[in-house]
Each structure stands twice: as structure tokens, then as C-alpha cells.
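Chains, contacts and geometry: an overview
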Amino acid sequence: MLPLAEASAVTRDGGPEITIAFDAPHAGVTARLGCVSDVVCDLLRVESPSPAEWYEVKARLGTMRSYAFDHEAMAASALTTAGAGLASNGANLPAVLAARQRNAPAEFARLEAELVRLLPEFTGILLKEDYGGRVSLALRIGSSEAPVTADNLSQGVFYLLGILVLSFDPAPPAVVCIEEIDRGIHPRMLREVRDALYRLSYPVSFGETRAPVQVIATTHSPYMLDQFRDHPEEVVITQKLRHEARFERLSDRVDLPELLREGTLGDMWFSGVLGGVPEER
Amino acid sequence: MKVALLSESPADEAVLHVLVDAILGAPAQITPAGFRARGWPNVLQVLPAVIRHLHFNTDVDTLVVTCDSDDSPVHTHAHEAPQYYHPHCRMCQLRAVFRQTSKRFPIAHGRLKVQRVVGVAVPALEAWLLCGRDNDVSEEAWINGQQTGRLPYTRAELKFRIYQTERPSLPHEIECALRETERHRRDLRRLEYDFPGFAALMKDLKSPPQH
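For the structure given in this document, a descriptive report is provided here. Per chain, residue numbering runs from 1 following the sequence as it is written. Going through the entries in the order they are written, you letter the chains from A and number the ligands from 1. Local features are withheld for residues below a pLDDT of 70 in this predicted model, meaning they are given only at 70 or higher, and side-chain atom pairs are given and counted only at 80 or more; totals for whole chains, interfaces and linings count all residues.

Quick notes on the overall build of chain A
Counting from the N terminus, the helices are the DSSP runs of H or I reaching at least four residues and the strands are the DSSP runs of E reaching at least two. For chain A, the count of helices and strands is nine helices and twelve strands. The buried share of chain A, taken over its 281 residues, is 28%. The contact criterion used here is simple: two residues whose C-beta atoms, placed from the backbone, lie within 7 Å are in contact. Across chain A, the fraction of contacts at a sequence separation of at least 24, relative to all contacts at a separation of at least 6, is 52%. Here the C-beta atoms are placed from the backbone, and a residue counts as buried if at least 20 other C-beta atoms lie within 10 Å of its own, exposed if 12 or fewer do, and partly exposed otherwise.

Below, the structure written as C-alpha cells:
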């Protein structure tokens, strides 16, 4: 958790505030994140029926993970002992896959089957452990004896693998944040990326029995935005105005149905009608 | 017959493939990696380029295009009058794009033009899938709803009736769609009768190509 300010640090009153509500069984807890000064906003105020309930929520929030995948780090071999959870840049991907294969073979098989469905040129995942206690990743291609080693795989394959590792995690974090979710992925495959996120957030729809995961993903792709045409309530447009950032839920736009008659969601966003475009001099 | 498909999703494409085969009574030679549009009005934007590409760069005989009507006016018998064009009817708009794009084409690959086949699902492809299973779902019911201001169902409801979730995975969507299409593959008459937007597609596909 980040270090948070005390109420005594407040140098200005008012200002922006983010109110965070929680689903059952913690619906009674509310957390408000406010500002202590013009540029520092780390004042947390909590209302909870009991301290124990807040500690429970806090412990769950402690499992929050944030990811900005780095394909070069993901391509490198990893210590076999480092497979407990995916690192924020995905650097221990081979170790996580090896641990999954060892400890949760059924889940690993589902992940592998999904990868092969999405990238049919491959036929499976190969994890090779060396004598130095490191594991490296390769993908089987067709019926060929020689697999495609990690250093020959494309960026998109690594990003997709990272997303699938999270999506098929049998015990995922309560909150997952992913930067630029569309990166390296063909626009026609973005529906599958959206589905992988939905698998986390709406497990019942995908035949999963675990708790839903709150997913927060960023994108600058109009094509990714198009995937949320039927669920604009899931899209928040961020508008940066010099030192301020404003967040607008797309479903709050009363004219949205009318706009979608004129163009796709992505086109409307790119045009600037929905806001969230960079400032120009 | 070599057929190309332009649709809005892989699930739509899978359904169209089965329906085209059923209409022709034999497996068509469908070009792989179908053309894709990102919903309306992107279909209109990409269609001229797709028609030109098929005409000049391929020997494809037929282009099948489908889209959802969403909330737009439904194509009716009145729209079929000579010279009539409804500016907001998607069937009229798609047909006009075919007409305008290919009217000055020279003969290429031995044919005058790529055969036009257009279908509009009212209000969405899921209505075609429910046809014959859910008697409340028909083009007429939707038109009546538009006229009275009380729509009989929403597009989201239709999707839920088919997929049992608001967020189906793509494989689940395709599996459910193909299961429903199987009913039509055996007998297209109900779909043809209840959905004139599909009957138009059938009529186009059965008409002789212009060589």
C-alpha cells in the first residue's frame, strides 16, 4: 500500500475527492481519497462499521496488482522459484507458467488451450528448466520438432500470454490494473482480449466459480473502445486539462445513443466529441 | 460459386456461411478471412473499397453483406418502388453503395460486376437466430413496436435469450449462433417469411450473376 497522509497534513479544504464504495459483504465500508494540497492527493478517510471490517477490506486491497508488460523482460529466462505471482512487468512469466503447470495442471491446460485457439499456428507451451535453476519459455509450432524460442516470439504473443496468465489465474488478485491492454495485438483480436478481461470480471458468464475481479485497464485504441459499445458504463474517459484530470463515465453521456448512430464509439472518441484528447498548442 | 462475406463479427460470419450454403443448396466457395466492418456506419465506409477490391483484384463472383438495423427505419415493400430511396434505411443505403460504386466498372475477370447480396437483420442478427424458437420475435413485431413506441424487446434482451449472458465469450457466441442456425439450415421458409430482410438476401443470392 502507498504511504498515506494524515488529516493533520491538510493545507487546503475542499478540492477533488474520489469516493470508493465496495460490494457485499463490505457494502458498509466507504473510503474517500482527497487532497492535502494542490498537487498531493493521498488523504484517505475511511468509514467502516468496525475496524475489523476495514482491515479485511484493506487486506483484500493489498492483493491489488498493476501490470505494464515488457516483452523483453518476459522473453528472458526466470528463476524457477520466482513463480508465485506474475511480476508487474511480466519478467517472471516462464516461472509463473511452470508453477501453474506444476501446481494447477488443469488451469494450465485451459490456458494453453486458449492460447492455441487464439494463435492457431502454435500447438503448445514448452517450459524448459536448466541446471542453473532457471526456466525458459518456447512455443511449439505445428508438428515441428524445433519450437519457437522466446527470443523469436513477437511482442504481441508475450502481451497475450501475460493477459491469459491473469485471466486463467485460479486465485487472482481482488483488483488487476493493466496498462495499454491492446498493445501489440491485432485489432481483430481485441474482442478476445476484452473477453479475457470479462473472464476475470464476470466469472459466472465464463463458467468460473471464483469471486469477480475488478479490472482497470487503459487503452488509447479506438478499436478497443469499439468493443464496449454495448456496455458504455464500463468505459471512463479521462480528460487531462493541464494539471487536472477529469473522469467521465461514458454512460453518463445522454446523447450517446444518438452519437453511435453517426459513427463507432472509437471514431467518436477520436473525433474529440467524447473528450479525452490531448491538449494542442 | 466464389463468395466473399462482409459482416460485423466472426459470429455473424459463421452464421452467414451456413445460411449461404443452405440457400445455394450446396457448399459455396467462401473466401477465407472474411471482410469485417466495425458496426454501422463503418459498413458503409468500407463497402466501396471492398467492392472495388473484389472486382479488380479477385475472381470472386458474389459479395454477401449483412448488418443489423438497430434503431433505423426498416426496409419495407414501399422502398422497393423504382427510383425510391430511403436515406435512413440501411438496405436502401447498402444497395445504393453497390450501385454507385460499380456502375462504371469495366469488365474484369470475365464478369461485369460482383453480384450484390444484401441482408439486414431487424433489429439484430440474434432475431434471425431466435426465429422459429421464439414466436414473439419477427420483423413485423419490431415494426409494430417502432410505430407504437413500445418495442417488443431490446437488442440486449435478444442477445441474452440466445447466449444466457450479457457478455458471451466469442467461442460461446459462435457455438450458440450455429446451434440456432442449424434449425434454419434444414428449412429456411420460416426465416424467409418472418424476416423480409433475410428474404431479400435470399432473393439476391438466387438471382443470376451479371456476366
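Let's talk about the nonpolar core
In globular proteins that are soluble, nonpolar side chains generally tend to be buried together. By convention the nonpolar core is taken to be a set of buried residues drawn from Ala, Val, Leu, Ile, Met, Phe, Trp, Tyr and Cys and joined through C-beta atoms within 7 Å. Judged by nonpolar contacts, the single largest core of 54 residues is most densely connected at Leu-6, Leu-63, Val-65 and Trp-128 of chain B. Setting aside residues up to four positions removed in sequence, Trp-128 of chain B forms contacts with Ala-121, Leu-191, Phe-195 and Phe-198 of chain B. With 53 residues, the next largest nonpolar core counts Leu-93, Val-96, Leu-161 and Trp-269 of chain A among its residues.

Some thoughts on the pairing of strand 12 (residues 244–249) of chain A
When you tally the buried positions in strand 12 of chain A, you get zero out of six residues, a small fraction of the element. DSSP bridges decide pairing: two strands pair if at least two such bridges lie between them. Counting the residues in the hairpin turn of strand 11 (residues 236–241) of chain A and strand 12 of chain A gives two residues, including Arg-242 of chain A, whose phi is positive at 55°.

Digging into the sheet that holds strand 2 (residues 30–34) of chain A
All names here are of chain A. Overall, antiparallel pairing links the three strands, which are arranged 1-2-3 in an open sheet. Each edge of the sheet is formed by a strand with only one pairing partner; in this case those strands are strand 1 (18–21) and strand 3 (43–47). Pairwise comparison of adjacent strand axes, ignoring direction, gives a mean angle of 20° for this sheet. In this structure, strand 1 lies alongside strand 2, joined through four bridges in antiparallel fashion. By the bridge assignment, Ala-21 is partnered in strand 2 with Thr-30. Lines fitted to C-alpha atoms define the axes, with helix axes restricted to the stretch in contact, and inter-axis angles between N-to-C directions lie between 0 and 180 degrees.

Observations regarding helix 6 (residues 190–201) of chain A
Multiplying one less than the number of residues by 1.5 Å gives the expected span of a helix. Over its twelve residues, helix 6 of chain A runs 16 Å from end to end, which matches the ideal 16 Å to within 8%, given 1.5 Å per residue. In terms of burial, helix 6 of chain A is a largely internal element, nine of the twelve residues being buried. Looking at the buried residues of helix 6 of chain A, the elements they touch are helix 4 (105–118), helix 5 (155–167), strand 9 (175–178) and strand 10 (214–217) of chain A together with helix 7 (170–186) of chain B.

Topic: the sheet that holds strand 10 of chain A
Residue and element names in this part refer to chain A. What the three strands build is an open sheet, ordered 4-9-10; its pairing is parallel. Of all strands in the sheet, those bounded by a partner on one side alone are strand 4 (65–67) and strand 10. Direction aside, neighbouring strands of the sheet carry axes that sit 15° apart on average. Relative to strand 9, strand 4 runs parallel, the two being bridged by three bridges. Paired with Ser-66 across the bridge in strand 9 is Cys-177.

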